[in-house]
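Below are the chains, spelled out letter by letter.
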There are 2 protein chains.
Amino acid sequence: MALEHAILVSLEERPGSGYELAGRFDKSIGYFWAATHQQIYRTLKRMVELDWVAVEHIAQQGRPDKKHYRIAAGGRAELRRWLAEPSEPAHLREELAVKVRGASLGDVAAVRAEVARHRDHHAERLDVYRVIEKNDFPDPGSLHGRGLHQYLVLRGGIRAEQGMVEWCEEVLEALGRDRS
Amino acid sequence: MALEHAILVSLEERPGSGYELAGRFDKSIGYFWAATHQQIYRTLKRMVELDWVAVEHIAQQGRPDKKHYRIAAGGRAELRRWLAEPSEPAHLREELAVKVRGASLGDVAAVRAEVARHRDHHAERLDVYRVIEKNDFPDPGSLHGRGLHQYLVLRGGIRAEQGMVEWCEEVLEALGRDRS
DNA sequence: GCTACCTATGCAACAAGGTGCACTGCAACC
DNA sequence: GGTTGCAGTGCACCTTGTTGCATAGGTAGC
């Protein structure tokens, strides 16, 4: 499972609480690997038992106590092991595509409206990425190491969203032209 | 869940056995929504209980008996209902991206090799799609209705694989240039 | 003659992900 | 003064997906 490894990578970049991690998985790293707070709390607990992360209980006044996590030596070793290991190419899983394929068995106009909605969604997401690209990586040519790696992942997100927007446009155009 | 609906769409196009469906989900429709034979048998069983599909037991000699499934009226109604309903945009889930992001915590060369492997995989998949496009849809401009919808989904697959290949190339080039 | 694969279905167990809820106390809004 | 939202962790339950195994006769290759 990659969730553990995504958490390890994120904690290595910056230690933090489960709540704070859940926030990160709701944006930034979460754009490429989503997770709910439930998954994160459960996984952190398991990783403490495995000695992949270290916990520190922090008492707070006025707000709930929290647990601060940071990556442990075992976690670093696990990351190295996992990075060297081959991984399965992810396969597509796009409900919208199934709907397009079956559109003629229902209301084609409704499916078309869904495609338009998805296009808007992906266009918004694309905007978010472009802003990040502009603000955080103004000079991509000068990047090295970790910064470069983060940039490349962002580039993947941009490509994916751009591709989806273009596909939605193609579908909208074709369905709009079709009168049968 | 969309697996049920993907099966319904597939059965509507052509009735068949669970085994035969598992074959389809191993190629064609499976390129966009993968499923194992286990999932398919379980889901078919459930859909029979819901009266979404009808079964016919067929005794065979020399080979195991089989069950032939076709879509029922309830399944058609469910498809119409589902097609009219909005669906959540899928979020990305690409383990390779997590590896690229964490590459500096391990053997960057190994991650780079993985990216090359994935590029090859997606390039092969892209070839498969291009062959289907050329053979099954020689004249896209003349397509209507169901044929057009199938073509549009294939176009989505082509775009996705093309995008992945290009991203892998970008990553390979950038990692190859980086000496830090 | 032995191995391996194909057809065909399915159970059992497990891993992973998602949903709903519960508790607490402060700050901000209207 | 009541509602909403945030910070913070977690349980219980449910759905979805994966893996290993079982069964059994036919066919194809070495």
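Preceding this section is the structure that the text describes.
Residues numbered from 1 in each chain as written. Chains lettered and ligands numbered in written order. Predicted model: local features only at pLDDT ≥ 70, side-chain atom pairs only at ≥ 80, totals over all residues. Heavy atoms only, no water.

Novice: Hey, could you run me through the side chain of Ser17(B) in this one?
Specialist: All names here are of chain B. Its place among the elements puts Ser-17 in strand 1 (residues 16-17). In terms of polar contacts, Ser-17 uses its side chain to reach the backbone amide nitrogen of Glu-20, at 3.1 Å. Excluding anything up to four places from it in sequence, Ser-17 contacts Lys-66, Lys-67, His-68 and Tyr-69. (Helix = DSSP H or I, 4+ residues; strand = E, 2+ residues; numbered from the N terminus. Polar contact = N/O pair within 3.5 Å; in protein donor to acceptor, adjacent residues only side chain to side chain. Contact = heavy atoms within 4.5 Å.)

Novice: For this particular structure, what's the right way to read the sheet that holds strand 3 (residues 66-71) of chain B?
Specialist: Note: strands within a sheet are paired through backbone hydrogen bonds, in either parallel or antiparallel orientation. All names here are of chain B. Across the sheet, which stays open at both edges, the 3 strands sit in the order 1-3-2 with antiparallel pairing between neighbours. Edge positions in the sheet fall to strand 1 and strand 2 (53-58), since each has one partner strand and no second. The strands that helix 3 (residues 37-49) touches are strand 2 and strand 3; relative to strand 2, the one it contacts most, it runs at about 115°. (Pairing = 2+ DSSP bridges. Axes fitted to C-alpha atoms, helices over the stretch in contact; angles between N-to-C directions.)

Novice: It is not clear to me how helix 4 (residues 73-84) of chain A should be interpreted in this structure. Could you clarify?
Specialist: The α-helix advances 3.6 residues per turn, and as a result positions three or four apart in sequence lie on the same side. For helix 4 of chain A, with 12 residues, the first-to-last C-alpha span of 17 Å sits near the 16 Å given by 1.5 Å per residue. Among the residues of helix 4 of chain A, those classed as buried are Gly75(A), Glu78(A), Leu79(A), Trp82(A) and Leu83(A). Buried residues of helix 4 of chain A, viewed axially, fall in a sector of 130°; they line one side. Of the exposed residues in helix 4 of chain A, those oriented more than 90 degrees away from the buried face are Ala73(A) and Ala84(A). Packing partners of the buried residues in helix 4 of chain A comprise helix 1 (2-13) and strand 3 (66-71) of chain A together with helix 5 (95-101) and helix 6 (108-136) of chain B. (Expected span 1.5 Å × (residues − 1). Buried < 20%, exposed > 50% of the residue type's maximum accessible area, 1.4 Å probe, protein only. Arc of directions from axis to C-beta.)

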